[in-house]
Amino acid sequence: MTIDLGRPAVAATAVRKAYGDHVVLDGIDLDIPAGSVFALLGPNGAGKTTVVQILSTLIRADAGEMRVAGHDVVRDPDAVRAAIGVTGQFSAVDGFLTGEENLLLMADLNRLPRKERRQSAADLLARLDLMDAARKPAATYSGGMRRRLDLAMTLVGRPRVIFLDEPTTGLDPRSRRTMWEIIRGLVNDEGVTILLTTQYLEEADRLADRIAVLHRGKLVAEGSPEELKRQVGGGHVTLRFADPRGYDHAARTLDVVSRNDEARTLQIPSQGDVRSLRALLDWLDHTSLTVDELQVHTPDLDDVFFALTGNPVTEQEPAR
Ligand SMILES: Nc1ncnc2c1ncn2[C@@H]1O[C@H](COP(=O)(O)OP(=O)(O)OP(=O)(O)O)[C@@H](O)[C@H]1O
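Please read all numbers here as calculations on a predicted model, not as lab measurements.

What counts, and at which threshold
- Residues numbered from 1 in each chain as written.
- Predicted model: local features only at pLDDT ≥ 70, side-chain atom pairs only at ≥ 80, totals over all residues.
- Heavy atoms only, no water.
- 1 Å grid on protein atoms, 1.4 Å probe; cavity = no way out; pocket = protein on both sides within 12 Å on 5 of 7 lines; lining within 4 Å.
- Points joined across faces, edges and corners; volume = space filled by probe spheres on them.
- Helix = DSSP H or I, 4+ residues; strand = E, 2+ residues; numbered from the N terminus.
- Nonpolar A, V, L, I, M, F, W, Y, C, P; charged D, E, K, R; others polar.
- Domains from an automatic or database assignment.
- pLDDT = per-residue confidence, 0-100.
- Near = heavy atom within 4 Å.
- Polar contact = N/O pair within 3.5 Å; in protein donor to acceptor, adjacent residues only side chain to side chain.
- Areas by Shrake-Rupley, 256 points an atom, 1.4 Å probe, with all protein chains shown as cover.

## Describing the layout of surface pockets
With a probe scaled to a water molecule rolled over the atoms, the places where space remains empty come into view.
For step 1, the next point in the chain: If you add up the space inside the largest pocket, you get close to 400 Å³.
For step 2, the next point in the chain: Forming the boundary of the largest pocket are 24 residues, of which Gly85, Val86, Thr87, Gly88 and Thr154 lie nearest the centre.
For step 3, the next point in the chain: The greatest single-element share of the lining of the largest pocket, amounting to 4 residues, is contributed by strand S6 (residues 84-87).
For step 4, the next point in the chain: Space inside the second largest pocket adds up to approximately 330 Å³.
For step 5, the next point in the chain: Taken together, 17 residues make up the lining of the second largest pocket; nearest its centre are Leu201, Glu202, Thr298, Pro299 and Asp300.
For step 6, the next point in the chain: The element contributing the most residues to the lining of the second largest pocket is helix H7 (residues 201-207), with 5 residues.
For step 7, the next point in the chain: Of the residues belonging to the lining of the second largest pocket, the class tally is 5 nonpolar, 4 polar and 8 charged.
For step 8, the next point in the chain: Residue-level mapping places the lining of the second largest pocket at the junction of two domains, with at least three residues from each of domain 1 (8-230) and domain 2 (234-298).

Listed below in C-alpha cells is the structure:
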C-alpha cells in the first residue's frame, strides 16, 4: 500500500449543497493530510452525512472543488471510488450470510484473486475481533459486531481513504472502545486516512488528529483536540457538601464557576485530569471538609456548541 504522508488525502474548497431552499452546506473547506484521522463533529442534521456522500461520489455538490486520494470527485468519480471505503449508518451486511460468507462475497465483488480470498477474510475476521462468530449468521450479531463486520467488508478493497459515518452511534461503551482501538490501529499500521463523523466530542478527542465542528452549514471551528478543548473549556467538578459551614468555607476559598446554595453544590473548573482531581481531594482532606458527592463533568458536544455558537445543541436547522 502506498502511503503519501503529508499530502492531502482529501482537499475540498467552497463545497455547497442545498435541497430546494435548504442550504445544507454553505461553503465548506477541508484539508486532510494522508495518514491522519479527521473528525467532523456536529449534532443530528448538521450535514455530516451529506459531506460523506459528496466526497464518496454518492451525491453531487452544487458547487466546490473536491479531490479525494488525488482524484477529482466530479471529473473522475471511478478513480475516487476505487480508492475509498465507506461505512455508513446503513450497513451492507447480509444477515442471512455468516460473517465469513459476507467477507468472501465482498472479496468476490472486489475481484480479489481466488487464492487470496479466504486468507483476506480470515485476516480481517481476526483483526476485527470476529473469529468466534465467523461461522454464525450475521443476523445473530450484536450491534457492535455488525459494525465491525461492516468495517471489515469495507477493508476488503484495501481503501486508502475511509469514510466512517457515525461509527459508534448506538453502541455500548465497551463496543465503542473496541471500535476506537480498531480504527486507531488501521491508521497506525496501514497509514490509511480516515474521515469520521460523530456526535461525540469524546470520540473525536480519542481518535482524531484534527476536529472540525459543523454548524448551520459552516465549519465554525477547526483544530487539534487540545486546541478545541482549550477554546471550549466547560469541564468542571461538582461538589455537594454535607454541612453549611463546610459549604461556605469551600465557596469562599475555591475558584467557583457556579453555586447552588439550596443544594449546597459548587462547580469548580477542571478538565477532569488526575493531577487537578488529586489536588482538589488533597485540599478537601487537609481542610477536613465532608463532601457527600463528587461528580466530574468533561466537556461534551453541548459545551462545544455553547462555547462556539452561544447555542445549546439542537437538531440543526440548516441555513436558508
Ligand atoms: N435527499 C434529501 N432531500 C432533502 N433534504 C435532505 C436530503 N438529505 C438530507 N437532507 C437534509 O439535509 C440536512 C443534513 O442532513 P445530514 O444527513 O447530512 O445530517 P447529519 O449531520 O449527517 O445528521 P445525522 O446525524 O442525523 O445523520 C438535514 O436537514 C436533512 O433533512
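Having seen the structure, we can now continue with the description.
## Observations concerning the confidence of the model for the chain
For step 1, the next point in the chain: Averaged over the chain, the pLDDT score is 88; the fraction of residues at 70 or greater is 94%.
For step 2, the next point in the chain: As scored by the predictor, the complex reaches a pTM of 0.82 and an ipTM of 0.95.

## Side note on the site of the ligand
For step 1, the next point in the chain: The full set close to the ligand counts 14 residues, and Gly45, Gly47, Thr49, Thr50 and Glu166 are the nearest of them.
For step 2, the next point in the chain: A distance of 2.8 Å is found between an oxygen atom of the ligand and a backbone nitrogen or oxygen belonging to glycine 47.
For step 3, the next point in the chain: The contact in question runs from an oxygen atom of the ligand to an N or O atom on the side chain of glutamate 166, over 2.6 Å.
For step 4, the next point in the chain: Protein chains bury 63% of the 640 Å² of accessible surface belonging to the ligand in isolation.
For step 5, the next point in the chain: Counting residues per element, the shell around the ligand draws most heavily on helix H1 (residues 48-55), at 3 residues.
For step 6, the next point in the chain: The class makeup of the residues in the shell around the ligand is 5 nonpolar, 7 polar and 2 charged.

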